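Listed below are the residues making up each chain.
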Amino acid sequence: MRFTAITLFPEMFDATKQYGVVGRAIKDKRITLDCINPRDFTKDKHRSVDDRPYGGGPGMLMTIEPLTASLKSIVDVNIDERSKVIYLSPQGRKLDQNLVKELSQQQHLILISGRYEGVDQRFIDESVDIEISLGDFVLSGGEIASLAVIDTIARQIDGVLGHSESVIEDSFEDGLLDHPHYTRPEVYKNKKVPAVLLSGNHKEIERWRLKQRLGITWQKRPDLLMNKKLTNEEKLLLEEYKKEFKNIKKSFRI
Ligand code: 4GN
């Protein structure tokens, strides 16, 4: 899979290119990640990439020309299919794991990172295939959002995740939140690790983890449970969790 990031700050992509899951995927040649700087496609002596908004108001907008010139410079763009231009903004379609899976079927994704107050609408209308949002909040630029999109899609590519890393992915796939995790020490400030996890009884441990996942999803994201059909065993585990929960008054910080 190929990623091309169009950004005024290509250095922001360096750390991701070198480290972690994405860094390893690049070294193993499972993905590529190249940056294009629209400033390299300016013709004026100030190399300007922004201008004032028509109609007035504060701030600046990214101009069309350096962006379209950046797109044109990308070699081998598969115009028909399997090459998509993505613009990250709060106006976009909310990203979720289903959209991530769809996008991971593409051969080549081009991610546009906006700066200032955004880009000229005509660039979006003419050149952007999908506008995507990570959620209802504002970032100072599209780079961090683009990096998040690259990371989550790279994880879907065959061979990118090792066996232990794909476990968390698999667990999200069944529509439930994760269960709590514990490591040493066994006691921390009088708080013990749940006894079942020390029991060595793998069947009981799996049962406890599924019960936690059902209960935590019910508490924190009931909307996820609405879209999920529970087996009889799962219904039973959730009822057990609710019963236990009634007796323990949980204190949430917010
Ligand atoms: C995306 C981009 C938030 C998101 C962004 C999001 C940069 N903020 N929720 N900021 O996914 C003005 C220029 C806003 C582009 C955009």
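Residues numbered from 1 in each chain as written. Predicted model: local features only at pLDDT ≥ 70, side-chain atom pairs only at ≥ 80, totals over all residues. Heavy atoms only, no water.

*Asks:* Before we go on, may I ask you to explain helix 6 (residues 143-154) in this structure?
*Replies:* Quick reminder: α-helices carry 3.6 residues per turn. Residues three or four places apart thus point the same way. For helix 6, which comprises twelve residues, the first-to-last C-alpha distance of 16 Å matches the rise-based estimate of 16 Å (1.5 Å per residue) to within 8%. By the criterion of burial, helix 6 is predominantly enclosed, with nine of the twelve residues buried. Among the residues of helix 6, Glu143, Ala145, Ser146, Leu147, Val149, Ile150, Thr152, Ile153 and Ala154 are the ones counted as buried. (Helix = DSSP H or I, 4+ residues; strand = E, 2+ residues; numbered from the N terminus. Expected span 1.5 Å × (residues − 1). Buried < 20%, exposed > 50% of the residue type's maximum accessible area, 1.4 Å probe, protein only.)

*Asks:* Any chance you could explain a nonpolar patch on the surface here in plain terms?
*Replies:* Where nonpolar side chains cluster on the molecular surface, the patch consists of Phe9, Met12, Phe137, Leu139 and Ile144 and spans about 430 Å² of accessible area. Relative to the helices and strands, Ile144 is located in helix 6. (Patch = residues over 30% accessible without salt bridge, like charges linked within 9 Å, V, L, I, M, F, W, Y side chains within 5 Å. Areas by Shrake-Rupley, 256 points an atom, 1.4 Å probe, with all protein chains shown as cover. Salt bridge = Lys/Arg side-chain N within 4 Å of Asp/Glu carboxyl O.)

*Asks:* Would you explain the site of the ligand in this entry?
*Replies:* Neighbouring the ligand are 17 residues, the closest being Gly118, Leu134, Gly135, Phe137 and Leu139. Measuring from an oxygen atom of the ligand, one finds a backbone N or O atom of Leu134 at 2.7 Å. If the ligand stood free it would expose 390 Å²; the protein chains cover 94% of that surface. Here the shell around the ligand gets four residues from one element, more than from any other, and that element is strand 5 (residues 83-94). A class-by-class count of the residues in the shell around the ligand yields eight nonpolar, seven polar and two charged. (Near = heavy atom within 4 Å. Polar contact = N/O pair within 3.5 Å; in protein donor to acceptor, adjacent residues only side chain to side chain. Nonpolar A, V, L, I, M, F, W, Y, C, P; charged D, E, K, R; others polar.)

*Asks:* Would you take a moment to explain the packing of aromatic side chains for this structure?
*Replies:* Geometry of an aromatic ring pair is reported as the spacing of the ring centres plus the angle between the planes. Within this structure, the stated rule accounts for three aromatic pairs. When the centroid spacing of 5.9 Å and the interplanar angle of 90 degrees are considered together, the rings of Trp218 and Phe245 count as edge-to-face. Here the residue Trp218 occupies a position in helix 8 (residues 202-220), and Phe245 occupies one in helix 10 (residues 232-247), the gap between them amounting to 27 residues. Judged by its relative accessible area of 24%, Phe245 is partly exposed. Here the aromatic cluster, defined as three or more aromatic residues joined through ring pairs, consists of Trp218, Tyr241 and Phe245. (Phe/Tyr/Trp six-rings, centres within 6.5 Å; stacked < 30°, edge-to-face > 60°.)

*Asks:* Can you walk me through the pattern of salt bridges in this structure?
*Replies:* Two side chains bearing opposite charge may form a pair once their charged atoms approach each other closely. Counted according to the given criterion, the structure contains 13 salt bridges. With a shortest N-O distance of 2.9 Å, Glu143 and Arg115 are connected by a salt bridge. In this pair, Glu143 sits in helix 6 while Arg115 sits in the loop between strand 6 (108-112) and helix 5 (121-127), placing the two residues 28 residues apart along the sequence. Residue classification places Glu143 among the buried residues on the basis of a relative accessible area of 0%. Notably, a salt bridge pairs Lys211 with Glu240, separated by 2.8 Å at the nearest N-O pair. On the criterion of sequence distance, the pair formed by Lys211 in helix 8 and Glu240 in helix 10 is long-range, its members being 29 residues apart. Beyond isolated ion pairs, a larger network of salt bridges with shared partners links Arg207, Lys211, Glu240 and Glu244.

*Asks:* I'm lost on the sheet that holds strand 1 (residues 2-6) in this one. Help?
*Replies:* The strand order across the open sheet built from five strands is 2-1-6-5-7, with neighbouring strands paired in parallel fashion. The open sheet is flanked by strand 2 (32-36) and strand 7 (130-133), the only strands paired with a single partner. Neighbour-to-neighbour, the strand axes of the sheet open up by a mean angle of 30 degrees, direction not taken into account. Pairing of strand 5 with strand 6, which is carried by five bridges, proceeds in the parallel orientation. Among the inter-strand pairings, Ile86 is bridged to a residue of strand 6, identified as Leu111. The strands touched by helix 6 within the sheet are strand 1, strand 2, strand 5 and strand 6, with strand 6 carrying the most contacts at an inclination of about 160 degrees. (Pairing = 2+ DSSP bridges. Axes fitted to C-alpha atoms, helices over the stretch in contact; angles between N-to-C directions. Contact = heavy atoms within 4.5 Å.)

*Asks:* Looking at this structure, I do not really get the side chain of Thr7. What am I missing?
*Replies:* For Thr7, the location among the structural elements is in the loop between strand 1 and helix 1 (14-18). A distance of 2.7 Å separates the side chain of Thr7 from the side chain of Glu143, its partner in a polar contact. Apart from the residues lying within four places of it in its own chain, the contact partners of Thr7 are Phe13, Cys35, Ile36, Asn37, Pro38, Ser113 and Glu143.

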